[in-house]
Amino acid sequence: MLDHSTISAVLTAGMEEGADFTEIFVEDRQSISAMLDDGRVEELASGRDRGAGIRVVSGETTGFAHTADLSVESLRVAARTAAAGARGGTGKALPISASPRSAAGRTLPTILPENVDKGEKVALLKAAEDAARSENQAISQVTARYADSRRRIQVANSDGIHSADDQVRTMFSVSTVASGDTGMQTGRESVGRTVGFELFSETDVAELARTAAQRAITKLAARPAPSGEMTVVIGPGGGGVMFHEACGHGLEADLVAKGASVFAGRVGEKVASELVTLVDDGTMDGEWGHTTIDDEGLAVRRNVLISDGVLMDYMWDGLRARSEGRNSSGNGRRQSYRHLPMVRMTNTYLLAGESDPADIVADTESGVYVAHLGGGQVNTATGDFVFGMTEAYLIEEGRITAPLREGNLIGNGPAVLANIDAVGDDFSMGAPGTCGKDGQGVPVGDGVPTLRVHGLTIGGTAA
Amino acid sequence: MTPAEAQALADGIVERSLPGEQLEAVVSWARNTEVRAHGGELEHLVSAEEFGVGVRVIRDGKQGLSWAGVLDSAELARCVSEARDNSAFGTPDPNAGLAQSDSVVPQQLDLVDRALADVPTIDKVEIALRLDRAITAADKRVVGHEGADYGDGIGVSAISSTEGIRAAEEETSTFLGTYALASDGSDTTTGFGMSVGRGFGDLNVDSTVEEAVERAVLLLGARKAPSRRTTVILDPYVCSQFLGILGDMLSAEEVLRGRSPFADRVGEEVASPLLTLTDDPLCVEAPTASGVDGEGLACRPLTLISAGVLEGFMHNAYTARAMGTRSTGSASRASHRSAPGVAPKVLGVRAGAFNPSEILAEVGDGLLVHELAGLHSGVNPVSGDMSVGAEGVIVRGGELAEPVREITIASTLQRMLTDVVAVGKDLRFFPWESSGVTLAIADMTMSGS
């Protein structure tokens, strides 16, 4: 990482023609991934990316340049390029608000993945494949993937912030194909945490593989999903992506400011059922969306977004917070040094309620039980969002019955939030996710207890 | 970096190979500009230069990869030795191996607009500001947009291998795009507009604005519609997204691994006779055209489905060797960090005889779809199950009727192919690997209220 004199030379170069703010973000990322497919370990890939992104803000305009050359000369050129970009605008100057702060470091994980032999990582793949194939003869294909990364970042800016973080993540996933008379079906299960190789002392990859296998097998006997509006019960853990899409993105201050969110202008209003308390929490140790600082150098926080149904606040990054004269909520994140930071979620979850999950199902005359969700997507301007169900069942007379084939569910954020009428006491976090926005992907976590919602439309093909 | 410099760098890395191993090096370099205007101001200006090297080593039938993002000799040495070390952990595979030159010579396509390098930054800022102003002035129902974006890039790539493969290519690209926001006082709707080209002069502010405004305004007042089975008309943009998924299913990689529902169906009728599907990487009007594939072999035109009959699959060197055939020049790399997979470059259906209004008239009653949501979560290319969110306009008596949103459309990809009832002549290219035409598909399930 860079020394103090280099940082100070870069910040000076950014400010020398008159700017409101200059920031340098330095990143050194090493990663390795290994994949087993079709019975073979076919790809062990590893590499390193390092460089710095320099951002200069003048009025309402941001100039940004990045370089993989960390010499002081090259960084100065990048700073001047960014400053020239910032002068391309005509906006008025804003006061610098922040006082000097710093946050640093984390305790490194118990077992740094870079100290683990590659053969040990490859052995996990084989163990997972064996477990999935021996679960059932109908399993015709298994793909297993291991990945770890270590991302060291350093952030310094003209407001006096100088922070650093060392982020280690490890993940494992298994995908299966089951073949039967009805064609092929797929199953997937994954685990990912902001921890080191000790992930595998708490996670049994064979168990993970059996779950992925079972998911595909179950769907061989599945019937087409129904079509139309129904009551939906979402199981614990897997359903967090619904909140990520239904309201998470709509509570990002950059989208709110552009009028591209149905939640604009609604702070202090009731936007959800009083059973809904939604939190975005970057501090959750070990979770996939956890870091010590955000990518603008601020300590991450636990932010309550919706409390008992009332909208408390949006999520903020430094730029948007500056223009509103308030503090960032620590949600400024970026995919890499080559990207500008934006408002992003971290770990987003619904707090547990008081209902017994078994009662929630028993009290549902007919509907759909979604045990595991795929990804989703939202149009924040209209509030319409979709998410996929990768493991789902019918609910008939208060009982979970026949498995259903895959499909998307569609709903409207504000309407769905208002129509949540039961929240269970069985909270759990879900699978690791990658959230995409404006072409940038960042790791995020989510979680929910069992919950029931009315008025979602199931996009199946059955009447 | 020039193509010759990139080639020399790739050649230099190959010289580090040891006896008994195959070694392949790819080099990529790009310089990009990105401008966003909003509310009459320049929001950001990004100037970026990116560089990357990827190395693949195959020894004793085992493959390893490594990459580096900086151009210093210690990093390049690390990259080569790490790829070599990584190969030790692979499972031996008799079919593993780098591509061997075949009789097809790569074409040097003209993918560069030389004038782009000399366009002053201030002109790029000005075109984004002009787009910003024009959107909000276009229609009183348009209340804003999410950003008026300009982007351009100059990209160079080169590949070299111990098997005598050597190729380099250069291309330029330009982009103008926005999402307009329209409102009738209660609901807000969005509509995209875009213009793409190879040079600055190819971009059209007026058509971008017109498209974004028309798409956003058309959806004002949209409601959920009752569930029913109906004919769905995909516009060229939605059609291109659908074809993108179909491309995955016709990759020999998926066939080889038992993940394609079309695996045993070569020579059979898998689609309506109206449908001919090709991959034509040499079509220079397409932004994704290329003369060289991800392993350095010549790209070549390929017919995948001919009048409804499945002709074959796309291959790279590995799948071809494993299945006893020749590569179709369809090796594809997501970036210098990845091993070559299989993917089309310019996938498209052969244009039909009808314009969109003739197709509406022919269909009579149905749903015109403008926008899809949840493609990555709602389509399973292994089972073929497809269920995605949609926005569009109901078609009644051959005319556009009321707009709809918060609905899904569902079928299976296999059935959608056989249910194609009309193919438009309005071929359009997009800045991704599939083109689109207006395409009508019978008997899909629309789920709503």
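These numbers come from a predicted model, not from an experiment.

## What to know about the overall build of chain A
Then comes step 1: When helices and strands are tallied, chain A shows 10 helices and 22 strands.
Then comes step 2: For 463 residues, the compact-globule estimate of 2.2 N^0.38 gives 23 Å, and chain A sits close to it at 24 Å.
Then comes step 3: With respect to the three principal axes, the spread of C-alpha positions in chain A is 70 × 55 × 35 Å.
Then comes step 4: Here chain A holds 463 residues, and 62% of them are scored as buried.
Then comes step 5: For chain A, contacts bridging at least 24 residues in sequence account for 75% of all contacts bridging at least 6.

## Notes on the overall build of chain B
Then comes step 1: Of regular secondary structure, chain B possesses 10 helices and 18 strands.
Then comes step 2: In terms of C-alpha radius of gyration, chain B reaches 24 Å, essentially the compact-globule figure of 22 Å for 449 residues.
Then comes step 3: Reported as C-alpha extents along the three principal axes, the dimensions of chain B are approximately 70 × 55 × 35 Å.
Then comes step 4: Taking all 449 residues of chain B together, 57% fall into the buried category.
Then comes step 5: Put simply, 73% of the contacts in chain B that link residues at least 6 apart link residues at least 24 apart.

## Things to note about the interface of chain B and chain A
Note on interface size: it is often stated as the accessible area lost on association of the parts.
Then comes step 1: Contacts between the two partners involve 63 residues from chain B, matched on the other side by 68 residues from chain A.
Then comes step 2: Residue composition of the side of chain B that touches chain A, grouped by class: 20 nonpolar, 31 polar and 12 charged.

## Observations regarding the packing of helix H1 (residues 4–15) of chain A against helix H2 (residues 72–86) of chain A
Residues and elements named next belong to chain A.
Then comes step 1: Taken N-terminus to C-terminus, the directions of H1 and H2 make an angle of 25°; their axes are 8 Å apart at the nearest point. Taken together, the axes of H1 and H2 lie roughly parallel to each other. As for how H1 packs across H2, the hand of that crossing is right-handed. Contact residues: Thr6, Ala9, Val10, Ala13 and Gly14 in H1; Val72, Leu75, Arg76, Ala79, Arg80, Ala82 and Ala83 in H2.
Then comes step 2: Of the residues assigned to the contact of H1 with H2, the class counts are eight nonpolar, two polar and two charged.

## Some details on the sheet that holds strand E10 (residues 309–310) of chain B
Residues and elements named next belong to chain B.
Then comes step 1: Taken together, the four strands give an open sheet; going across it, the order is E10-E9-E8-E13, and neighbouring strands pair in antiparallel fashion. What marks the edges here is a single partner per strand, and that holds for E10 and strand E13 (347–349).
Then comes step 2: Here strand E8 (residues 277–279) pairs with E13 via three bridges, running antiparallel. Bridge pairing links Thr278 to Gly348 in E13.

## Looking at helix H5 (residues 236–249) of chain B
Then comes step 1: Its 14 residues give H5 of chain B an end-to-end C-alpha distance of 20 Å, which sits within 8% of 20 Å, the value for a rise of 1.5 Å per residue.
Then comes step 2: Check the buried side of H5 of chain B and you find it contacts strand E7 (228–234), helix H6 (252–256), E13, strand E14 (366–373), helix H10 (413–418) and strand E18 (439–447) of chain B.

## Things to note about the domain arrangement of chain B
All names here are of chain B.
Then comes step 1: Partitioning chain B into domains gives domain 1 (3–218) and domain 2 (228–447).
Then comes step 2: Placing a centre on the C-alpha atoms of domain 1 and another on those of domain 2 gives a separation of 23 Å.
Then comes step 3: Between domain 1 and domain 2, the contact holds 32 residues from the first and 29 residues from the second.
Then comes step 4: Elements with a contribution of two residues or more to the side of domain 1 that touches domain 2: strand E1 (22–38), strand E2 (41–59), strand E3 (62–68), strand E4 (142–161), strand E5 (166–183) and helix H4 (205–218).
Then comes step 5: Along the lines of polarity and charge, the residues of the side of domain 1 that touches domain 2 split into 18 nonpolar, nine polar and five charged.

## Notes on the confidence of the model for chain A
Then comes step 1: Looking at chain A, the pLDDT average stands at 92 and 96% of residues meet or exceed 70.
Then comes step 2: When the criterion is pLDDT under 50, residues 90–100 of chain A qualifies, and its contacts beyond four places in sequence or with other chains add up to 21 contacts.

## Focus: the nonpolar core
Then comes step 1: Among the nonpolar cores identified, the biggest contains 261 residues, and Ala128 of chain A together with Val55, Ile233 and Val369 of chain B are the most heavily contacted of them.
Then comes step 2: Ranked by the residues each element gives to this core, the list is headed by E2 of chain B, at eight residues.
Then comes step 3: Sequence-distant contacts of Ile233 of chain B, that is, excluding residues within four places in its chain, are made with Ile359, Leu360, Val363, Gly366, Leu367, Leu368, Val369, Val395, Thr438 and Ala440 of chain B.

## Focus: helix H3 (residues 121–138) of chain B
Residue and element names in this part refer to chain B.
Then comes step 1: Its 18 residues place the ends of H3 26 Å apart at the C-alpha level, agreeing with the 26 Å of an ideal helix rising 1.5 Å per residue.
Then comes step 2: Looking at H3, one finds that the buried residues are Lys124, Val125, Ala128, Leu129, Leu131, Asp132 and Ile135. With its buried residues spanning 150° around the axis, H3 presents them on a single face. H3 presents Ile122, Asp123 and Ala137 as exposed residues on the side facing more than 90 degrees away from its buried surface.

## Looking at the domain arrangement of chain A
Residue and element names in this part refer to chain A.
Then comes step 1: By the assigned domains, chain A splits into domain 1 (113–217) and domain 2 (227–459).
Then comes step 2: For domain 1 versus domain 2, the separation of C-alpha centres amounts to 23 Å.
Then comes step 3: Taken together, the contact pairs 16 residues of domain 1 with 16 residues of domain 2.
Then comes step 4: Elements represented by at least two residues in the side of domain 1 that touches domain 2 include exactly strand E4 (139–157), strand E5 (162–180) and strand E6 (183–193).
Then comes step 5: Counting residues per element, the side of domain 1 that touches domain 2 draws most heavily on E5, which supplies five residues.
Then comes step 6: When grouped by side-chain class, the residues that make up the side of domain 1 that touches domain 2 number five nonpolar, six polar and five charged.

## What about the packing of H3 of chain B against H4 of chain B?
All names here are of chain B.
Then comes step 1: At their nearest, the axes of H3 and H4 sit 10 Å apart, and the two run at 40° to each other. Regarding the angle of H3 to H4, the classification is oblique. Between H3 and H4 lies a crossing whose hand is right-handed. Every residue of H4 that contacts H3 at Ile127, Arg130, Leu131, Ala134, Ile135 and Ala138 is listed here: Val205, Thr208, Val209, Ala212 and Val213.
Then comes step 2: Partitioned by chemical class, the residues of the contact of H3 with H4 number nine nonpolar, one polar and one charged.

## So, the environment of Ala216 of chain A
All names here are of chain A.
Then comes step 1: Within the element layout of this structure, Ala216 appears in helix H5 (residues 205–220).
Then comes step 2: Taking the C-beta count within 10 Å as the criterion, Ala216 has 31 such neighbours and is therefore assigned buried.
Then comes step 3: C-alpha of Ala216 to C-alpha of Gln185: the two residues are 31 residues apart in sequence and 5.3 Å apart in space.
Then comes step 4: Here Ala216 is in contact with Ile139, Thr176, Val177, Ala178, Gln185, Thr186 and Gly187, once residues within four sequence places are set aside.

Rules behind the numbers
All residue numbers refer to positions counted from 1 along the written sequence of the respective chain. All chains are assigned letters beginning with A, and all ligands numbers beginning with 1, in the order in which they are written. Local features in a predicted model are, by the rule used here, given only for residues with pLDDT of at least 70; side-chain atom pairs are given and counted only at 80 or more, and totals for whole chains, interfaces and linings are based on all residues. Only DSSP runs of H or I with at least four residues qualify as helices, and only runs of E with at least two residues qualify as strands; both kinds are numbered from the N terminus onward. As a reference, a globule follows 2.2 Å times the number of residues to the power 0.38, and the radius of gyration itself is taken over C-alpha atoms. Residues are called buried when their C-beta atom has 20 or more other C-beta atoms within 10 Å, exposed when it has 12 or fewer, and partly exposed otherwise; all C-beta atoms are positioned from the backbone. Placing C-beta atoms from the backbone, we regard two residues as in contact once those atoms come within 7 Å. Throughout, the ten residues Ala, Val, Leu, Ile, Met, Phe, Trp, Tyr, Cys and Pro are labelled nonpolar, Asp, Glu, Lys and Arg are labelled charged, and all others, Gly among them, are labelled polar. Axes, fitted as lines to C-alpha atoms, cover a helix only where it is in contact. Angles between the N-to-C directions of the axes lie from 0 to 180 degrees. Should an angle fall under 35 degrees it is called roughly parallel, over 145 degrees roughly antiparallel, and 65 to 115 degrees roughly perpendicular, with every other angle called oblique. Here a crossing is taken to be left-handed if its near helix is turned anticlockwise relative to the far helix by less than a right angle, and right-handed if that turn runs clockwise. Think of it this way: DSSP has to see at least two bridges between two strands before they count as a pair. An expected span of 1.5 Å times one less than the residue number is assigned to each helix. The source of the domain bounds is an automatic or database domain assignment. Confidence scores here are pLDDT values: one per residue, from the predictor, ranging 0 to 100. Note on definitions: a nonpolar core is a set of buried residues drawn from Ala, Val, Leu, Ile, Met, Phe, Trp, Tyr and Cys, linked by C-beta atoms within 7 Å. To obtain the arc, one takes the directions from the helix axis to the C-beta atoms.

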